[in-house]
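Geometric and topological summary
Take a look at the letters that make up each chain.
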Amino acid sequence: MTLANSLAPARDPSLRTAALFDLPRAAAECRIVVAMSGGVDSSVVAALAAETGAEVIGITLQLYDYGAATGRKGACCAGDDIADARAVADRLGIAHYVFDHESAFREDVVEQFADEYLAGRTPVPCIRCNMGPKFTDLFRMARELGADCLATGHYVRRVEAQGGPHLYRALDPARDQSYFLYATTREQLEFIRFPLGGLPKTQVRELAEDAGLRNAAKPDSQDICFVPDGNYAGIVTKLRPEGGVPGPIVHAATGAVLGEHKGIVHYTVGQRKGLDIGGQPEPLYVIALDAEARTVRVGPKRMLGVTQAVLKETNRIGEVPEGVQLTAKVRSLARPVPVTLERPLGDGASCAIDFAEPEFGVAPGQAAVIYAGERVVGGGWIDSTIPVAS
C-alpha cells in the first residue's frame, strides 16, 4: 500500500503526493531536498517526497553538541535525532547528509537568546532559527544541490495566488506553526513547500506507520530544543552570569520596594508565579523589566493592559488587503485579536499596531504576527508598548 492511498484521490498515486510539492514539471525530472530534523513530521515529508518519483535528498543540520544531546528527550537536530533521520533515509533509499552548523547556531540563536533575556526581553529562538539556519542556510544548500524545491515538516500552508504564493495557517489549528514563520521572505516562499499543512497530526502518524518509519510514535518536542528541561534561566546564566545578579522588586505604581529578585533573567512580562512577595492585597504580575537598573516592576493585572505595540524588523508577505479586519498574535499560544496598522509593514521598517481592545501580557522581545483571516500578512519583533494608563 502506498502513502498516497490516504491522500486525495488520483488515478496515479504518485500524482497525489506530487501535488503536495507543487513540482514545476514531471516528478521524475525533479529533485526535492527535505529538511530532516529526525522527528516524525519531517520523516513523513521525506517519505511523501520519495513516493512522487522525484530524486530526494535529506539534509540534517547538526545545531548543537551531538554527544550532549544523545538520549535526551526534546532534542532536535542533534543526538539521537540525527540517527533517526539517517535511519529514515536508509529505509526510504534516499541520500542523506549531515552538516555541522553548531557554531552558527550558537552565535545566531543561542547567544542572542541569552542577550535578549539579559536585556529584559523575552525571546523566541524558534523564529530566529527559522530566519537563520533552517531557512536561509537550508535554502542556500538546496539551491546549490540543484533542487526544484525545499520541503519541511512545518504545519502551515503555501497557497498560490495572483502575484505569488501566500502563507496560510495550517488546517489543523492545534498544530498550526504560522506564528513561527512570519519572517519567511517571498523568495523563500517561492521555493519552500509545506506538504503537511493540510493534514492532521493523527494522519501524519498513520502515514509514518504505513511507511514503516522507526520514529512513527516518537513524541513531539515540547520545549526549546537546546533547553529541553525548560530551565531557560539556567542556560542564560551559564552564558551570561551577570543575568543572575539580584535586584529590587518594585511596585510599578507606588515605587515601593517589595522584595528582592534572584536575577532579571528569571522573569518576563506577565509573569505571576515565582515573585515570592506575599502579603499583598491583590495578585501582582511583572509589568516591566528594567535591565539597566536590574529592577523588576510589578503591579496588578490591569497595569498589564496595552493599547499599542511598536514592532521592529518587520516582514510582509504579499500585499496587505484593504477593507479586511487584521488580527495579531502576540505570543505563540495567544488568540488573534483585532488590530490596525499605523504604518506600512515590511522591508525591515518599524511599524506600530493598535489593539482594538487592551491586550495583556505583551512582552518586548516576542513577535507580533499579523493575519488577514487565515493568511499570514507578516509581522515583526515587539520593541516597546504603550500602556492603557498613559
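In what follows, the structure referred to is the one given above.
Residues numbered from 1 in each chain as written. Predicted model: local features only at pLDDT ≥ 70, side-chain atom pairs only at ≥ 80, totals over all residues. Heavy atoms only, no water.

Moving on: unusual backbone geometry. The phi torsion at Asp-276 lies on the positive side, around 55 degrees, for a residue other than glycine. If you trace the backbone, Asp-276 turns up in the loop between strand 9 (257-261) and strand 10 (285-290). (Helix = DSSP H or I, 4+ residues; strand = E, 2+ residues; numbered from the N terminus.)

The strands that make up a sheet pair up through hydrogen bonds in the backbone, lying either parallel or antiparallel. If you walk across this open sheet you meet the five strands as 3-2-1-4-7, and the pairing is parallel. Both edges of this open sheet fall to strand 3 (95-100) and strand 7 (192-193), since each of them pairs with a single strand only. Sheet topology note: the strand 1 (residues 31-35)/strand 4 (residues 149-151) ladder contains three bridges and is parallel. By the bridge assignment for strand 4, Val-34 is matched with Ala-151. (Pairing = 2+ DSSP bridges.)

Summarising the element assignment, Ile-59 is placed in strand 2 (residues 55-62). For Ile-59, a relative accessible area of 1% gives the class buried. Put simply, Ile-59 and Leu-239 are 180 residues apart on the chain and 29 Å apart in space, counted from C-alpha to C-alpha. In contact with Ile-59, not counting residues within four places along its chain, are Val-33, Val-34, Ala-35, Met-36, His-96, Tyr-97, Phe-99, Leu-138, Met-141 and Leu-145. (Buried < 20%, exposed > 50% of the residue type's maximum accessible area, 1.4 Å probe, protein only. Contact = heavy atoms within 4.5 Å.)

Take Glu-111: it is sitting in helix 5 (residues 102-118). Classification of Glu-111 by relative accessible area gives buried; the value is 18%. Residues Glu-111 and Pro-241, spaced 130 residues apart in sequence, show a C-alpha to C-alpha distance of 13 Å. In this structure, Glu-111 is in contact with Arg-106, Leu-239 and Arg-240, ignoring residues within four places of it in sequence. Polar contacts involving the side chain of Glu-111 include one to the side chain of Arg-240, which spans 2.6 Å. (Polar contact = N/O pair within 3.5 Å; in protein donor to acceptor, adjacent residues only side chain to side chain.)

So, on to helix 8 (residues 201-210). Within helix 8, the full set of buried residues consists of Lys-201, Gln-203, Val-204, Leu-207 and Ala-208. The arc that holds every buried residue of helix 8, seen down its axis, measures 160 degrees, which confines them to one face. Those residues of helix 8 that are exposed and angled more than 90 degrees off the buried face are Thr-202 and Glu-209. Looking one or two residues past helix 8, Gly-212 carries a phi angle of roughly 70 degrees, positive in sign. (Arc of directions from axis to C-beta.)

This part takes up the state of the cysteines. All chains considered together, the criterion is met by zero disulfides. Cysteine Cys-149 is unpaired, with the sulfur of Cys-30 as its nearest cysteine sulfur at 7.5 Å. (Disulfide = S-S within 2.5 Å.)

The residue Glu-190 is located in helix 7 (residues 186-191) in this model. Here Glu-190 is in contact with Arg-158, Gly-164 and Pro-165, once residues within four sequence places are set aside.

If you look at the biggest cluster of nonpolar residues, it comprises 57 residues, and the most contacted ones within it are Phe-105, Leu-150, Leu-167, Tyr-182, Phe-194 and Phe-226. Listed in part, the 33 residues of the second largest apolar core include Cys-30, Val-40, Ala-170 and Leu-196. (Core = buried A, V, L, I, M, F, W, Y, C linked by side-chain atoms within 4.5 Å.)

Position of Asp-176 among the secondary structure elements: in the loop between strand 6 (166-169) and helix 7. Polar contacts involving the side chain of Asp-176 include one to the main-chain amide nitrogen of Ala-170, which spans 3.0 Å. A polar contact is formed between the side chain of Asp-176 and the side chain of Ser-178, at a distance of 2.8 Å.

With that settled, the discussion passes to the sheet that holds strand 10. One open sheet holds the four strands; their spatial order is 9-8-11-10, and the pairing between them is mixed. The open sheet has two edge strands, strand 9 and strand 10, and neither has a second partner. Strand-to-strand twist of the sheet, defined as the mean angle between neighbouring strand axes without regard to direction, takes the value 30 degrees. Relative to strand 9, strand 8 (residues 247-251) runs antiparallel, the two sharing four bridges. Note on strand 9: the bridge partner recorded for Pro-248 is Glu-260. (Axes fitted to C-alpha atoms, helices over the stretch in contact; angles between N-to-C directions.)

In short, the description is geometric, and any link to function would need to be established separately.
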